[in-house]
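# What the coordinates show
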Amino acid sequence: MLDLRKQNRVISIAAAQLGPIQPTDSRSSVVDRLVGLLEQAKSKGSELVVFPELAFTTFFPRYEITDEAELDYWFEKEMPGEETRPLFAAIQRLKLSVNFGYAELVPEAGITRRYNTSILINPNGEIIAKYRKIHLPGHNEFDPERSFQHLEKKYFEVGNLGFPVWDHLGGKLGMCICNDRRWPETFRVLGLKGVELVLIGYNTPTHNAKHPEPPHRRAFYNHLCVQAGAYQNSTWVVSVAKSGCEDGQDLMAGSCIVSPHGEIVAQTSSSKDELIVADCDLSLCEDGKNNMFNFSEHRCPEEYSIITRANCDED
Ligand code: ING
């Protein structure tokens with residue numbers, strides 16, 4: 001059995017959905033929840049655990065924050081830092097690969113930069129991959145018409161690391177964050193780099209006063225975009241929510257693991273801390289990459305140039 005798993009490059013993956021994190025919840029209480037989910041994942045034989053976007057704090061872009069010190073409270077100045085070190089210790093103790101999102105504050109050439117970041121940590125507790133969110137949704141200035149703000153464009157800079165792919169656990173792994181999953185370019189750039197497993201965390205409000213939408217349709221879109229991304233690029237996708245009601249704002253659950261055929265093989269049924277696991281056979285990516293979506297055989301890039309143009313009304 002072991003040989004077959006290795007030959008087919010099977011990875012046991014856990015999607016560790018988080019329930020709500022209240023603005024008054026301490027980092028250490030949240031870290032305790034993450035460690036508990038790691039221990040659950042280990043007991044189920046998982047090798048890789050995927051957590052949501054902004055996994056240590058409440059979804060603070062819902063607030064108008066004018067004081068810089070107050071804004072910085074929501075950001076990690078070092079990773080690991082004092083309050084997140086116990087998580088890294090658990091990763092080493094349990095010998096797991098772990099992905100999570102957090103608000104990253106980093107000085108770059110003497111300027112303080114703030115990113116919505118996702119990292120991959122290996123079983124030795126080393127950070128081996130980093131992605132910074134590129135598609136920042138919402139708006140830049142306080143909007144009095146909204147019951148909740150969505151100020152990601154105000155609090156984060158556009159990611160400056162591109163959409164990388166890394167070799168890990170015998171496959172090619174990529175990461176993206178939340179709104180990135182709604183843009184086909186995200187998946188196709190990763191697909192063109194040969195990605196076989198995309199790790200995604202999200203905090204998706206179920207209600208947006210400016211753009212009302214029936215709840216069933218918002219939940220449909222949540223799965224549609226990752227199923228399409230998986231199928232059209234012959235890759236596994238693990239998409240993990242922070243969910244439930246945070247300070248009166250409801251966040252969507254629906255965490256899922258999607259096969260390279262676009263089929264959901266596991267999904268959560270609650271809006272709380274919940275673990276789902278699946279054996280992900282990376283060799284299932286090969287059929288789509290070699291046939292239906294054999295990019296070198298079937299793509300017509302000479303017809304696609306408009307996709308990379310900023311201004312699309314040029315003929
Ligand atoms: N959240 C949302 C997302 O793309 C959003 C933003 C909410 C877009 C509702 C459309 C509808 O899932 C983040 N954090 O990107």
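Described in the following lines is the structure provided in the data block. (Residues numbered from 1 in each chain as written. Predicted model: local features only at pLDDT ≥ 70, side-chain atom pairs only at ≥ 80, totals over all residues. Heavy atoms only, no water.)

## Here we look at the packing of aromatic side chains
- As enumerated under the stated definition, the model contains twelve aromatic pairs in all.
- Considering the side-chain rings of F88 and F100, the 6.3 Å spacing of their centres and the 80 degrees angle between planes classify their relative orientation as edge-to-face. Taken together, the positions of F88 in helix 4 (residues 85-94) and F100 in strand 3 (residues 97-108) put the pair twelve residues apart, joining distant regions of the chain.
- Residue classification places F88 among the buried residues on the basis of a relative accessible area of 3%.
- Linked through ring pairs, F60, Y73, W74, F75, Y155 and F156 together constitute an aromatic cluster. (Phe/Tyr/Trp six-rings, centres within 6.5 Å; stacked < 30°, edge-to-face > 60°. Helix = DSSP H or I, 4+ residues; strand = E, 2+ residues; numbered from the N terminus. Buried < 20%, exposed > 50% of the residue type's maximum accessible area, 1.4 Å probe, protein only.)

## Quick word on the site of the ligand
- Surveying the vicinity of the ligand reveals 14 residues, the closest of which are E152, C178, N179, R182 and T204.
- Contacts to the ligand include K133, whose side-chain N or O atom sits 3.0 Å from an oxygen atom.
- Side-chain polar atom of T204 to an oxygen atom of the ligand: 2.6 Å apart, as the coordinates give it.
- About the coverage of the ligand: the protein hides 87% of its 370 Å² of free accessible area.
- More than half of the atoms belonging to the ligand lie within 2 Å of the grid points that define the largest pocket. (Near = heavy atom within 4 Å. Polar contact = N/O pair within 3.5 Å; in protein donor to acceptor, adjacent residues only side chain to side chain. Areas by Shrake-Rupley, 256 points an atom, 1.4 Å probe, with all protein chains shown as cover. 1 Å grid on protein atoms, 1.4 Å probe; cavity = no way out; pocket = protein on both sides within 12 Å on 5 of 7 lines; lining within 4 Å. Sits in = over half its atoms within 2 Å of the grid points.)

## A few points about the pairing of strand 3
- Along strand 3, ten of the twelve residues are buried, which leaves the element largely enclosed by surrounding structure.
- In this structure, strand 2 (residues 48-50) lies alongside strand 3, joined through three bridges in parallel fashion. Within strand 3, the position partnered with V50 by the bridge is N99.
- Relative to strand 4 (residues 111-121), strand 3 runs antiparallel, the two being bridged by eleven bridges. What sits directly across from V98, in strand 4, is I121.
- In this antiparallel pair of consecutive strands, strand 3 and strand 4, the connection spans two residues, and A109 shows a positive phi of 55 degrees. (Pairing = 2+ DSSP bridges.)

## Regarding the sheet that holds strand 2
- Sheet architecture is open: six strands sit in the order 5-4-3-2-1-14, paired in mixed fashion. Strand pairing shows two members of the sheet lacking a second neighbour, strand 5 (127-132) and strand 14 (274-281), which therefore form its edges. Recorded for the sheet is a direction-independent mean angle of 35 degrees between the axes of neighbouring strands.
- Alignment of strand 1 (residues 10-17) against strand 2, held across three bridges, turns out to be parallel. In the sheet register, I13 faces strand 2, and the bridge partner there is L48. (Axes fitted to C-alpha atoms, helices over the stretch in contact; angles between N-to-C directions.)

## A look at the side chain of T186
- Mapped onto the elements, T186 comes out in helix 6 (residues 184-192).
- For T186, a relative accessible area of 0% corresponds to the buried category.
- Here the side chain of T186 touches D180 through a polar contact of 2.8 Å, landing on its backbone oxygen.
- Discounting chain neighbours no more than four positions away, the residues touching T186 are H135, F163, C176 and D180. (Contact = heavy atoms within 4.5 Å.)

## Some details on the sheet that holds strand 12 (residues 256-258)
- Strand order in this open sheet of six strands is 6-7-8-9-12-13, and the pairing throughout is mixed. Two strands bound the open sheet, and with one partner strand each, they are strand 6 (165-168) and strand 13 (264-267). Here the strands of the sheet are splayed against their neighbours by 20 degrees on average, with no regard to which way each runs.
- Here strand 8 (residues 197-202) pairs with strand 9 (residues 236-241) via six bridges, running parallel. Counted as the bridge partner of I200 is S239 from strand 9.
- Across the sheet, helix 7 (residues 215-232) lies against strand 8, strand 9, strand 12 and strand 13, angled at about 25 degrees from strand 12, the strand it touches most.

## Points about the layout of surface pockets
- Of the pockets and cavities examined, the largest pocket occupies roughly 480 Å³.
- Contributing to the lining of the largest pocket are 23 residues, with P137, H150, P205, N208 and R218 lying nearest its centre.
- Split by residue class, the lining of the largest pocket holds six nonpolar, eleven polar and six charged.
- Within this model, the second largest pocket holds a volume of roughly 330 Å³.
- Mapped by element, the contributors of at least two residues to the lining of the second largest pocket are helix 6 and helix 7.
- Tallying contributions element by element places helix 6 first for the lining of the second largest pocket, with six residues. (Points joined across faces, edges and corners; volume = space filled by probe spheres on them. Nonpolar A, V, L, I, M, F, W, Y, C, P; charged D, E, K, R; others polar.)

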